Amino acid sequence: MGCAMSETVSPTPIRQDSLRTEEMLINMGPQHPSTHGVLRLVVRTDGEMVREAWPHLGYLHRCFEKVAESVTYAQVVPYTDRLDYLASMNNAQAFCLGVEKLGRIEVPERASALRVMVAELNRIASHLVAFGSFAMDLGAVTPFLYAFRERELIISILEKISGGRLLYHYPRIGGVARDLTPGLDQEIRDFLKQMRRVWPEYNALLSENQIFVKRTANVGTVTREQAIAWGLTGPCLRGSGVKFDLRKAQPYSGYEKYDFEIPVGEGAKGTVGDCWDRYWVRMVEMMESCRIIEQALDGLPEGPIQSKVAKVLRLPLGEVYVPCENPRGELGFFIVSDGKTQALRIKARGPSFNNLSITHTVCQDVLIADVVAILGSIDIVLGEVDR
Amino acid sequence: MQDAIQQIHSGVFGLLWPEMLRLPTWLVLTAGFVVGGALVLVWMALMALAWTYGERRIAGFIQVRYGPNRVGPLGLLQPVADGIKCFSKEDTVPTVAYKFMYTLAPLLVFLGAMLPFAALPFSQRLVLADMPLGLYYVLAFEAIEVIGILMAGWAPGSKWSLYGGMRLAAQLLSYEIPMGLCALVIILLSGSLNLGEIVTWQSQNAWGLEHPWVLGWAIFRSPVTFIAFVIFFVAGLAASKRAPFDLPEAESELVAGYHTEYSGLRFSFFFMAEYTAMYVVCALSAVLFLGGWYGPVPMPDVAPDSSLAARWVELVGLQGLQGDLSMMQKIVCAGRTLCEALFQGEGLRILASEAIGLFNLLLKAFGLYFVMIWVRWTLPRVRIDQVMYLCLKVLLPFSLVCLIWALIQVALF
């Protein structure tokens, strides 16, 4: 029978006796604990092996782009908050930068510095969620709660700045909404101190944990070429060893003034571009963001926080695209203006959507548990994938 | 049949009533089953209640949060509230389910968790049936659970359940092997399958001492037993499907594994079975490797054949219960003599000895239980291939080495 078997050209050899095995199609999601929202993966499995996984999107589609074209520019800003809801500050900043560039609106220096500060705070918060939920995907619940302990500090800082705890509507066209409240800079410094104190604890608990390393090293490897070809950005791109960060490559909001490093994946535990590398890039970025915040606080210039912007803003004819480095990668808004108060077209280029596109390539011939690990290491937010 | 009665008699019932042997066989057996089963059920319910609360509070402590603290003082009534919730939930059966198997599965799992208690001792005399093959019995009946969970994985017709069931079958069957081999090490060294005799072996003659106290515990007797204990406990973690080996119910991968489609009371059966299985593993580890009820608190010496009931019967005989007394007087006399038997002289010593033994055993078992919880809330989950690798390529060879070492030790010394 063994000879007969080898002559058949069936792609999946099927035993002819009663012990027949079959491939199985399973829906992973949209209601599944580790698809980070309402992502649906259709998974073709052979036992524990996943042969293919197709992501299906659209369960959280809220017509962002259509809505954005029917309201004024200032009214779009809160909508951008709701794209990647774990990084509202960064989203709003990206949109404001685009509008400001097209409308040639000057942003006061203090406002830029404040934007950088809140954006980096939000980056840490976002990476903390990524750290915690990645750990939870791998079965460790405790790091999630530790991460939320520190995230809570950031949230209460951002609440004091902006009034919101998740969706801030803080960066406005031409500046920011409010100035720092008294005593807040000390609170931010306390947070940085706390963050630097617990960061090694996180590593002791998770990053260096043998089981964690075994689960993530050499799993879901994305090569440098693949990462570039699929348009990955952010930690997913840098995890594959590409040293590209928009804060360095095309500095905005005065990032060129700050001294910080760009961590890249080096294959410290396995191969370059595996899940552990992507995870580690985020971990190091948290520390780098701490450095940026500290510098922004130290060199916070005095002055206004909002430039004069017309109540009814009409942008000149033209189009603009300003990319920003979000926690998850490049977020940019392509804005086409025909001179009216509303945009003719707004197209959001989001990192989660593009990063997710590599799922099908990576999730081939891996175990079910690896799919979860890969998804967690790509770190998507469905609000931004579906818009 | 007579053997069965003998075993029941030599257990906890014999402690109360040696005259049981003179009663009709069916009565003894039925009484043994009913009373024993009821006791086990009560213990299981208590364990599940206490440890759901305990686990959640410990988890809260580990995770810098409070844990349940709203229902009742310190949240102590939280498990009761959970229980009421489980009872009152709608009992759903998927339309595609195999109804019979779907219904049977949680009961089988529950049974598999319950049966080991027949031979699992709580103290020297506190054992339902003191079987000569006690260890074999416990290990064998623990494995019944696999059948139930395979059924639970298959019957609801859900693919995630199926994965859970299959994972568990693979995992449990592999981990039985190193577990059994490590138990074999103890069997070889102690020369008995009876759990009581294994503890007696641990209480005597080690390191040149007649009463070695904790040094007599199996894990301190030789390096091989220490390794065997570690392997036994790790395999036990896997066998009771606790983290990091909780793949069959891996929440982030398989939703809830084999009990995805179960709700309400049926789910609570699985839940109680899990907590009980954990206790069985912990208690068995304590009995086999940590001296059972022997040490750290020393037990008073009691003559091995002394029995509370014998003393009671003797007292009753002395004071003439058979005499011409009214019913009331008989009851009063019986009560008084029972008190005398329990709280005077030898009776008190037996009671104290059993209480200390129970304390010792629970101390160790609950200590291991705490370790299980601690591990669960600290470590990430391993992958299915890593589970198999760990079992078949790490634990199995090491336990074989332990076994061979023990064989040589027994043959030479």
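Keep in mind that what you see is a predicted model, and the values were worked out from it rather than measured.

Asks: How do you make sense of the overall build of chain A when you look at a structure like this?
Replies: When you go through chain A residue by residue, the secondary structure sums to 16 helices and nine strands. Relative to the globule expectation of 21 Å for 387 residues, the C-alpha radius of gyration of chain A, 23 Å, shows essentially globular dimensions. Dimensions of chain A along its principal axes, counting C-alpha atoms only, are 85 × 50 × 35 Å. Out of the 387 residues belonging to chain A, those deemed buried represent 50%. For chain A, the share of sequence-separated contacts (at least 6 apart) that also reach a separation of at least 24 residues comes to 70%.

Asks: I'm lost on the overall build of chain B in this one. Help?
Replies: The number of helices and strands found in chain B is 17 helices and zero strands. Within chain B, buried positions represent 46% of all 413 residues. Put simply, of all contacts in chain B between residues at least 6 apart along the chain, 78% involve residues at least 24 apart.

Asks: I'm lost on the confidence of the model for chain B in this one. Help?
Replies: In low-pLDDT regions, the fine details of the predicted coordinates are not to be read closely. Residues and elements named next belong to chain B. In this model, chain B carries a mean pLDDT of 81, and residues with pLDDT of at least 70 account for 88%. The secondary structure element of chain B with the lowest average pLDDT is helix α2 (residues 12-16), at 56, and the one with the highest is helix α11 (residues 223-239), at 89. For this predicted complex, the interface score ipTM comes out at 0.79, while the overall pTM is 0.84.

Asks: Even after reading the chapter, I still don't get unusual backbone geometry, so can you show me in this structure?
Replies: With the exception of glycine, the majority of residues adopt a negative phi angle, and the majority of peptide bonds are in the trans configuration. All names here are of chain A. A positive phi angle is found at asparagine 218, which is not glycine, with a value near 65 degrees. Along the chain, the position of asparagine 218 falls in the loop between α8 (210-216) and α9 (224-229). Positive phi, close to 60 degrees, is recorded for aspartate 379, a residue that is not glycine. As for its position among the elements, aspartate 379 is in the loop between α15 (368-378) and α16 (382-386).

Asks: What exactly am I supposed to notice about the sheet that holds strand β7 (residues 329-337) of chain A here?
Replies: Either a parallel or an antiparallel arrangement is found when strands of a sheet pair, and the pairing is made through backbone hydrogen bonds. Residue and element names in this part refer to chain A. Spatial strand order, β6-β7-β8: three strands in an open sheet with antiparallel pairing. At either margin of the open sheet sits one strand with a lone partner, and together these are β6 (318-326) and β8 (345-349). Here the strands of the sheet are splayed against their neighbours by 10 degrees on average, with no regard to which way each runs. Bridge analysis of β7 against β8 gives five bridges, and the strand direction is antiparallel. The partner of phenylalanine 333 across the bridge, within β8, is alanine 348.

Asks: Explain the sheet that holds strand β9 (residues 366-367) of chain A here, please?
Replies: Residues and elements named next belong to chain A. Spatial strand order, β1-β2-β3-β9: four strands in an open sheet with antiparallel pairing. Lying at the two open borders of the sheet, with one neighbouring strand each, are β1 (24-28) and β9. Sheet topology note: the strand β2 (residues 40-46)/strand β3 (residues 49-56) ladder contains seven bridges and is antiparallel. For threonine 45, the partnering residue across the bridge sits in β3 and is valine 50.

Asks: How should helix α3 (residues 25-62) of chain B be read in this particular structure?
Replies: Three- or four-residue spacings in an α-helix give side chains the same orientation, since the helix completes a turn every 3.6 residues. All names here are of chain B. End to end, α3 covers 53 Å across 38 residues, agreeing with the expected 56 Å (1.5 Å per residue, within 8%). Three or more residues of α3 are buried, namely Val28, Gly32, Ala48, Trp51 and Tyr53. Positive phi shows up at valine 64, right after α3, with a value of about 45 degrees.

Asks: Even after reading the chapter, I still don't get the packing of helix α5 (residues 109-137) of chain A against helix α12 (residues 275-298) of chain A, so can you show me in this structure?
Replies: Each pair of packed helices gets described by two things: the angle between the helix axes and the distance between those axes. Residue and element names in this part refer to chain A. At a minimum axis distance of 9 Å, the contact between α5 and α12 shows a crossing angle of 155 degrees. In terms of axis orientation, α5 runs roughly antiparallel to α12. For the element pair α5 and α12, the recorded crossing hand is left-handed. In this structure, α5 contributes Ala113, Val116, Met117, Glu120, Leu121, Arg123, Ile124, His127, Ala130, Phe131 and Phe134 to the contact, and α12 contributes Tyr279, Arg282, Met283, Glu285, Met286, Ser289, Ile292, Ile293, Ala296 and Leu297.

Asks: Could you clarify how one ought to interpret the domain arrangement of chain A in this entry?
Replies: One frequent convention defines the size of an interface as the accessible area lost when the parts assemble. Residues and elements named next belong to chain A. Taken as a whole, chain A is organised into domain 1 (2-56) and domain 2 (64-386). On the domain 2 side, the residues contacting the 16 residues of domain 1 number 17 residues. Among the elements of the structure, β2 and β3 are those that each provide at least two residues to the side of domain 1 that touches domain 2. Ranked by the residues each element gives to the side of domain 1 that touches domain 2, the list is headed by β3, at seven residues. Considering only residue class, the side of domain 1 that touches domain 2 consists of eight nonpolar, five polar and three charged.

Asks: For this particular structure, what's the right way to read the pairing of β3 of chain A?
Replies: Here is the key point about a regular strand: its side chains alternate between the two faces of the sheet. All names here are of chain A. Hairpin geometry of β2 and β3 is characterised by an intervening segment of two residues between the two adjacent antiparallel strands and by a positive phi of about 65 degrees at glycine 47. Pairing of β3 with β9 involves two bridges; the strand directions are antiparallel. When the sheet's bridge partners are listed, methionine 49 is paired in β9 with leucine 367.

Asks: Teacher, can you tell me more about the interface of chain B and chain A here?
Replies: Contact with chain B, which involves 22 residues of that partner, is made by 26 residues of chain A. Listing elements by their share of the side of chain B that touches chain A, those giving two or more residues are α12 (251-254) and α17 (384-412) of chain B. A class-by-class count of the residues in the side of chain B that touches chain A yields 11 nonpolar, four polar and seven charged.

Asks: How should I be thinking about the packing of α3 of chain B against helix α4 (residues 78-88) of chain B in this particular structure?
Replies: Residues and elements named next belong to chain B. Axis separation between α3 and α4 bottoms out at 8 Å; the angle between their running directions is 115 degrees. Handedness of the α3/α4 crossing: right-handed. Contacts between α3 and α4 pair Leu49, Thr52 and Tyr53 from the former with Gln78, Pro79 and Asp82 from the latter. Of the residues belonging to the contact of α3 with α4, the class tally is three nonpolar, two polar and one charged.

Asks: Before we go on, may I ask you to explain the environment of alanine 53 of chain A in this structure?
Replies: All names here are of chain A. Within the secondary structure, alanine 53 sits in strand β3. Overall, alanine 53 belongs to the buried group, with 23 C-beta atoms counted inside 10 Å. Residues alanine 53 and arginine 291, spaced 238 residues apart in sequence, show a C-alpha to C-alpha distance of 39 Å. Apart from the residues lying within four places of it in its own chain, the contact partners of alanine 53 are Leu41, Val43, Thr359, His360, Cys363 and Val371.

Asks: What should I look at first to understand the nonpolar core in this one?
Replies: Nonpolar side chains in soluble globular proteins tend to end up buried together. Of all hydrophobic cores here, the largest spans 210 residues; its most connected members are Val109, Phe232 and Ala283 of chain B. When residues are assigned to domains, this core turns out to be shared by domain 1 (2-56) and domain 2 (64-386) of chain A, each giving three or more. Those residues in contact with alanine 283 of chain B that sit more than four places away from it in its chain are Leu120, Leu361 and Ala365 of chain B.

Asks: So what exactly am I meant to see when it comes to the environment of arginine 110 of chain A here?
Replies: All names here are of chain A. By the secondary structure assignment, arginine 110 is in helix α5. Distance in space between the C-alpha atoms of arginine 110 and isoleucine 305 is 5.7 Å, their sequence separation being 195 residues. Aside from chain neighbours lying at most four places away, what touches arginine 110 is Leu300, Pro301, Glu302, Gly303, Pro304 and Ile305.

Asks: Sorry if this is basic, but what is going on with the environment of glycine 180 of chain B here?
Replies: Considering the arrangement of structural elements, one finds glycine 180 of chain B in helix α8 (residues 159-190). In this structure, the C-alpha to C-alpha distance between glycine 180 of chain B and isoleucine 331 of chain B, residues 151 residues apart in sequence, is 50 Å.

Asks: I would appreciate a short explanation of the confidence of the model for chain A in the present structure.
Replies: All names here are of chain A. Confidence along chain A averages 87 in pLDDT terms, with 95% of residues attaining 70 or more. Here helix α1 (residues 2-7) is the element of chain A with the lowest mean pLDDT, 42, and α12 is the one with the highest, 92. In the predicted structure, residues 1-9 sits below a pLDDT of 50 and forms two contacts with residues beyond four places in sequence or in another chain.

Reading guide: rules and limits
Residues numbered from 1 in each chain as written. Chains lettered and ligands numbered in written order. Predicted model: local features only at pLDDT ≥ 70, side-chain atom pairs only at ≥ 80, totals over all residues. Helix = DSSP H or I, 4+ residues; strand = E, 2+ residues; numbered from the N terminus. Rg over C-alpha atoms; globule rule 2.2 N^0.38 Å. Buried ≥ 20, exposed ≤ 12 C-beta atoms within 10 Å, placed from the backbone. Contact = placed C-beta atoms within 7 Å. pLDDT = per-residue confidence, 0-100. Pairing = 2+ DSSP bridges. Axes fitted to C-alpha atoms, helices over the stretch in contact; angles between N-to-C directions. Expected span 1.5 Å × (residues − 1). Parallel < 35°, antiparallel > 145°, perpendicular 65-115°, else oblique. Left-handed = near helix turned anticlockwise from the far one by under 90°. Domains from an automatic or database assignment. Nonpolar A, V, L, I, M, F, W, Y, C, P; charged D, E, K, R; others polar. Core = buried A, V, L, I, M, F, W, Y, C linked by C-beta atoms within 7 Å.

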